[in-house]
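Residue-level structural notes
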Amino acid sequence: MESIYHISPDHLTITQLGDILAQNKKLALSEESKKRIVTCREYLEKKLANSDELIYGINTGFGSLCNIKIEPSQLKQLQKNLVLSHACGIGDRVPDEIVRLMLILKIQSLSYGNSGIRLETVERLILMFNYDWLPVVYQKGSLGASGDLAPLAHLSLPLIGEGEFVVNGEVVSSSKIYKENNVSALELEAKEGLALLNGTQFMGAYGCCCLLQAKKYSIIADMTAALSFDGFKCKPDPFLPLIHNIRPFKGQKETAQNILNYLDGSEISAMKKEQVQDAYSFRCIPQVHGASKDAIAHVWEMFETEINSVTDNPNIFPEEDLILSGGNFHGQPLAITLDYLSIALAELGNISERRTFQLLSGKRDLPEFLVANPGLNSGLMIPQYAAAALVSENKQLCTPASVDSITSSNGQEDHVSMGANAATQCYKVVQNLIHILAIEWLTASQAVDFRKPLMTSPFLQDIVLKFRTTVAFIENDRYLHEEILKTVGFLQDIKL
């Protein structure tokens with residue numbers, strides 16, 4: 001029996017979004033959502049039939065053309081023209097997982113009954129999601145204000161029989177898919193194109209995807225740090241609760257407890273140490289990882305508000321008999337927090353690479369570059385270079401997009417968020433982070449194996465043993481690119 005998630009006015013969580021994708025759930029509208037969509041559409045149609053009032057984007061032009069009246073006979077063509085003219089995205093294709101999230105978030109936003117779209121149109125978006133017909137969307141072209149116009153235009157093109165789908169990994173014209181499945185293209189009516197194109201679903205989808213990975217990778221970072229901690233024979237005192245109770249940041253306390261839990265029962269951790277204290281990259285793990293956890297929690301809260309919001313324009317309020325032109329499409333709340341998330345994740349990678357560097361130093365009874373015969377073998381010298389390169393790239397990607405703005409639409413749209421750039425930058429930071437952590441894990445597991453017969457904790461030792469079935473201990477130099485990729489896959493597959 002297929003598992004179905006019902007779109008409803010109930011609070012949609014980012015965790016639920018992850019579950020919908022991971023469990024291949026189908027979508028359906030709740031009865032309450034259907035009622036709201038129909039009520040709003042009926043109100044709009046009556047308003048248009050009984051009033052000559054100019055209503056932005058419904059019977060006027062768009063952007064700086066907002067004062068040009070459009071005749072009733074041209075309203076359908078207006079909406080079609082909007083979608084066609086705005087589909088000018090460039091760059092690489094948006095990953096499939098992001099497009100799926102865009103569809104969910106667009107459906108959710110339209111379901112509240114403040115957008116004036118027809119039920120038939122929303123249900124076509126649901127059909128596209130359920131059949132896994134994924135519109136071809138491009139990564140570049142959105143300013144993150146007026147919403148994600150170009151990406152959402154590409155998302156909407158197949159509704160009118162234009163554009164392309166990705167189906168079973170292949171790019172196919174939407175018209176061909178419709179013909180093969182006996183489905184007709186839609187003819188958009190008043191307000192529908194605008195409801196589809198205004199919105200923050202490109203930024204929102206990227207952000208939710210990054211957050212789902214960020215929450216997992218922040219724990220992977222703790223686990224990897226604990227293994228490095230034992231590999232470098234560090235003192236566990238910095239993780240004791242007394243220290244963190246007098247500076248009680250939630251993320252800091254959580255990280256310290258995580259490390260203590262991961263090290264529980266470790267012979268290496270329990271042994272007497274010669275050093276008075278350790279380098280910051282080990283001693284300050286709770287403070288650095290904890291700050292990133294707190295940032296992730298804040299951004300998570302902001303995005304959960306956004307994905308439960310109406311972000312098109314104008315907004316329709318049938319009960320109040322009002323159609324209001326506002327700015328809920330502006331991506332500033334997302335742009336700022338995406339920049340913040342990028343910084344938080346980049347710092348997890350920054351401190352990770354420093355631990356990798358320390359483990360390769362030849363100190364504390366470990367061989368240089370963690371290989372038994374250095375000189376003839378370079379060991380893990382160059383993976384640290386790769387990690388350093390990714391850390392440097394992340395620093396560049398953390399230049400905030402949200403502080404920039406370029407005027408568009410003849411000055412009508414004179415401040416934009418650049419949140420779409422913040423979103424794609426953050427996505428790259430996340431991809432870099434898992435590779436940086438994988439290099440640390442590869443290094444730390446090598447170091448811990450050099451500590452034998454002393455053993456790390458039963459918890460960590462069990463994971464290392466499983467890892468060794470994927471990547472063997474490095475006795476002599478071998479092709480490390482593949483070993484790093486295998487380590488990435490191993491960490492991604494860990495169930496937390």
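Given the structure is predicted, the values throughout are model-derived calculations rather than measurements.

Here is what the cut-offs are and how they apply
- Residues numbered from 1 in each chain as written.
- Predicted model: local features only at pLDDT ≥ 70, side-chain atom pairs only at ≥ 80, totals over all residues.
- Heavy atoms only, no water.
- Buried < 20%, exposed > 50% of the residue type's maximum accessible area, 1.4 Å probe, protein only.
- Helix = DSSP H or I, 4+ residues; strand = E, 2+ residues; numbered from the N terminus.
- Pairing = 2+ DSSP bridges.
- Right-handed = clockwise from strand over helix to strand, strands pointing away.
- Contact = heavy atoms within 4.5 Å.
- Axes fitted to C-alpha atoms, helices over the stretch in contact; angles between N-to-C directions.
- Parallel < 35°, antiparallel > 145°, perpendicular 65-115°, else oblique.
- Left-handed = near helix turned anticlockwise from the far one by under 90°.
- Nonpolar A, V, L, I, M, F, W, Y, C, P; charged D, E, K, R; others polar.
- Core = buried A, V, L, I, M, F, W, Y, C linked by side-chain atoms within 4.5 Å.
- Phe/Tyr/Trp six-rings, centres within 6.5 Å; stacked < 30°, edge-to-face > 60°.
- Lys NZ or Arg CZ within 6 Å of the ring centre and 35° of its normal.
- Expected span 1.5 Å × (residues − 1).
- Arc of directions from axis to C-beta.

1. Quick look at the pairing of strand 2 (residues 26-29)
- On strand 2, burial follows the alternation: Leu-27 and Leu-29 on one face are buried, whereas Lys-26 and Ala-28 on the facing-out side are not.
- Pairing of strand 1 (residues 4-7) with strand 2, which is carried by four bridges, proceeds in the parallel orientation. Paired with Ile-4 across the strands is Lys-26, a residue of strand 2.
- Between the parallel elements strand 1 and strand 2, the chain passes through helix 1 (residues 14-22) in a crossover that is right-handed.

2. With respect to the environment of Val-94
- Mapped onto the fold, Val-94 is located in the loop between strand 3 (90-93) and helix 4 (96-110).
- A relative accessible area of 3% places Val-94 in the buried class.
- Once the C-alpha coordinates of Val-94 and Pro-135 are considered, the two residues, 41 residues apart in sequence, prove to be 9.5 Å apart.
- Residues within four places of Val-94 in sequence aside, it is in contact with Val-99, Val-137, Tyr-138, Gln-139, Phe-202 and Tyr-206.

3. Let's talk about the sheet that holds strand 7 (residues 170-173)
- Across the sheet, three strands lie side by side as 4-6-7; this open sheet has antiparallel pairing. One side of each edge strand has no neighbouring strand; the edge strands of this open sheet are strand 4 (134-135) and strand 7.

4. Some details on the packing of helix 15 (residues 332-359) against helix 16 (residues 381-397)
- Following both chains from N to C, one finds helix 15 and helix 16 inclined at 155°, their axes separated by 9 Å at the closest point. Regarding the angle of helix 15 to helix 16, the classification is roughly antiparallel. Relative to helix 16, helix 15 is oriented so that their crossing is left-handed. Residue-level inspection shows Ala-346, Gly-349, Asn-350, Glu-353, Arg-354, Thr-356 and Phe-357 of helix 15 in contact with helix 16, the latter providing Gln-384, Ala-387, Ala-388, Val-391, Asn-394 and Lys-395.
- Within the contact of helix 15 with helix 16, the residues separate by chemical class into five nonpolar, five polar and three charged.

5. What to know about the nonpolar core
- Membership of the largest hydrophobic core comes to 130 residues, with the highest contact counts inside it found for Leu-27, Leu-341, Leu-345 and Trp-441.
- Examining the composition of this core, we find that 18 residues originate from one element, helix 9 (residues 201-231), more than from any other.
- The next biggest cluster of nonpolar side chains, apart from the first, holds eleven residues, and it includes Tyr-43, Ile-55, Ile-70 and Ala-190.

6. Re the packing of aromatic side chains
- With the rule as written, the count across this model stands at 13 aromatic pairs.
- Here the aromatic rings of Trp-441 and Phe-467 are separated by 6.2 Å at their centres, their planes lie at 90°, and the arrangement is edge-to-face. Of this pair, Trp-441 sits in helix 17 (residues 419-450) while Phe-467 sits in helix 18 (residues 458-468), and the two are 26 residues apart along the sequence.
- The exposure class assigned to Phe-467 is buried, which follows from its relative accessible area of 0%.
- Exposure remark for Trp-441: the relative accessible area of 0% places this residue in the buried category.
- By the ring-pair criterion, three or more aromatic residues cluster together here, those being Tyr-131, Trp-133, Phe-165 and Tyr-178.
- The cationic tip of Arg-124 hangs over the ring face of Tyr-178; the distance from NZ or CZ to the ring centre is 5.3 Å.

7. Topic: helix 19 (residues 480-493)
- Taking 1.5 Å per residue, 14 residues should reach 20 Å; helix 19 reaches 20 Å between its end C-alpha atoms and fits that length.
- Regarding helix 19, the residues found buried are Leu-480, Glu-483, Ile-484, Thr-487, Val-488, Phe-490 and Leu-491. End-on, the buried residues of helix 19 take up no more than an arc of 165°, which puts them together on one face.
- Those residues of helix 19 that are buried are in contact with helix 9, helix 16, helix 17 and helix 18.

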